[in-house]
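One letter stands for each residue in the lines below.
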Amino acid sequence: MILAGLAPALSRLAEADLDALKVIGEGLRLLPPVLFLHVFLAYPSGRLERMRERSVVIAGYAAVLGFDLARALFASAGQEAGADLARHAQRVSIAAVALGALVALVSRGRPSHRQVRPGLQPLVVCFALAFVGLGVGILMLVFDAPGTDVVRWIAFGLVGTASVLLLIGHLRAGLARSAVGDFFVDLGSDPEPSELRDALARTLRDPSLVLAYWLPEFATYADLDGREVPLPGPDDGRAVTLIDRNGVHVAALLHDPSVTDERKLLDAVTAAAGMALENGRLHAELRARLEELRGSRARIVEAGQQERQRLERNLHDGAQQRLVALSLELSLIESEVDGGSHAKSRLAQARREVAASLEELREIATGIHPAVVSGHGLAVALEQLAARASVPVRLTVAIGDRLPEPVEVAGYYVVAESLTNVSRYANASAATIEVSQAKGLLLVEVADDGIGGADTERGTGLRGLADRVEALGGRLRVWSPTGGGTRVRAEIPCAQ
């Protein structure tokens with residue numbers, strides 16, 4: 001940058017009286033434009049990071065030095081025409097290099113869909129206009145077009161403006177680094193993990209920033225809710241900064257690629273956030289464990305549900321069918337027995353025992369798995385429960401189409417267990433059942449006018465219901481004031 005600033009002054013040596021200084025000045029006349037485009041393309045890192053940019057700058061220096069050498073050789077041989085041709089070719093080449101630099105600048109972010117940060121946009125626009133001015137001005141100089149001086153001064157004005165914007169950009173970067181002090185203050189207040197992400201985004205001036213925590217047990221990155229966060233690839237238009245603490249992975253920042261242009265700011269922020277990120281990582285790990293626990297709990301309930309269905313089918317297709325066949329066989333034997341009222345009475349008693357056993361077996365099968373729910377839906381199954389209840393029941397069912405079977409089965413058991421408790425313990429005279437669907441939830445509520453005093457921590461009925469409902473991501477609540485009846489309410493997610 002310093003050399004680019006001094007080069008225009010050195011090029012004025014071409015007007016010196018000494019031949020040696022004049023030769024040096026002539027050689028430096030077209031060096032400033034190349035130095036300017038080198039500075040512009042290397043901003044802000046100071047390095048030419050892409051092959052296209054390196055090629056443009058190398059071509060510019062080669063054009064300046066190569067044609068200067070050719071001009072010197074022609075001049076020393078007294079061939080002024082050759083020297084003039086070399087001068088024109090040099091100017092055309094430098095103009096082409098300036099336009100090539102414009103293409104490199106404009107296409108800089110396209111492969112990765114990189115977006116220019118708002119603070120850098122005026123600077124990039126000024127760079128682009130300066131390239132256009134330099135290229136057009138040099139071409140007009142080659143063809144001695146009118147207005148060349150105006151375009152040249154506009155180009156140099158743009159170069160000067162770019163220098164001012166460059167200074168402003170450095171000042172902004174310095175102010176941004178001073179914002180790390182405010183970030184330290186935020187960390188001193190022991191922010192919540194969710195607030196830490198906002199503080200990082202504010203300090204790095206990137207609202208799109210995503211904070212992901214490393215979970216060694218799961219060998220993946222996750223957000224605060226324990227959900228996996230895949231790291232972006234090279235073509236996703238996002239950059240990743242990994243944060244380690246004492247040689248151990250802690251977190252990763254997914255941010256706009258332009259954030260890496262301010263490396264000192266990024267390093268300072270990540271170093272300051274180390275301890276707070278460790279706390280956030282522990283929080284994310286806990287949430288991930290909870291998610292895994294919920295998943296395993298749901299899988300256990302599902303496996304139990306499938307086993308219940310298998311047992312119910314076995315009872316229905318096996319033992320119940322054999323009892324029905326035995327009852328029919330006893331009826332045939334009874335019809336074939338001649339006389340002997342004692343034998344007939346014994347056969348009739350046996351038939352009654354078989355019928356009672358069959359009824360008990362059906363109740364057991366229904367308790368294991370309500371086949372009526374699978375076959376006919378929740379509404380029909382609840383009607384049967386209400387009809388068999390020991391107290392008058394007012395049933396209201398307002399649901400649409402069939403819901404997922406685990407949801408319907410859970411709702412059925414909430415009602416069945418509640419009615420069982422009403423029959424056994426409530427001393428109630430009536431009960432109400434209300435089943436509805438709202439906002440993606442199945443709402444099941446059972447209330448009675450009994451003595452109340454139910455305790456979810458005693459016994460296994462209500463506790464088992466709570467486990468079943470919570471395994472589906474729902475919630476079971478019980479209100480049972482002494483002497484005020486009992487109300488059981490289940491909220492079960494039922495999204496299809």
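The structure this text deals with has already been given above.
Residues numbered from 1 in each chain as written. Predicted model: local features only at pLDDT ≥ 70, side-chain atom pairs only at ≥ 80, totals over all residues. Heavy atoms only, no water.

### Points about the overall build of the protein
- A tally of helices and strands in the protein yields 15 helices and nine strands.
- Buried residues in the protein amount to 39% of all 496 residues.
- In the protein, the share of contacts with a sequence separation of at least 24, taken over all contacts with a separation of at least 6, comes to 65%.
- For the protein, the accessible area works out to roughly 26900 Å², and carbon and sulfur atoms hold 59% of it. (Helix = DSSP H or I, 4+ residues; strand = E, 2+ residues; numbered from the N terminus. Buried < 20%, exposed > 50% of the residue type's maximum accessible area, 1.4 Å probe, protein only. Contact = heavy atoms within 4.5 Å. Areas by Shrake-Rupley, 256 points an atom, 1.4 Å probe, with all protein chains shown as cover.)

### A short note on the packing of aromatic side chains
- Summed over all chains, the structure comprises two aromatic pairs.
- On the numbers, 5.7 Å between centres and 75° between planes, the contact of tyrosine 412 with tyrosine 413 is edge-to-face. The burial state of tyrosine 412 is the same as that of tyrosine 413; both residues are buried. (Phe/Tyr/Trp six-rings, centres within 6.5 Å; stacked < 30°, edge-to-face > 60°.)

### What about unusual backbone geometry?
- Phi angles above zero are rare outside glycine, and asparagine 427 is one such case at about 55°.
- As for its placement among the helices and strands, asparagine 427 is situated in the loop between helix H14 (405-426) and strand S6 (431-438).
- The phi torsion at lysine 439 lies on the positive side, around 55°, for a residue other than glycine.
- In this structure, lysine 439 sits in the loop between S6 and strand S7 (441-448).

### Some details on the pairing of strand S8 (residues 475-479)
- Pairing geometry for S8 and strand S9 (residues 486-493), over five bridges, is antiparallel. Paired with tryptophan 479 across the bridge in S9 is arginine 487.
- In sequence, S8 turns back onto S9 through a hairpin of six residues, with glycine 483 there showing a positive phi of about 80°. (Pairing = 2+ DSSP bridges.)

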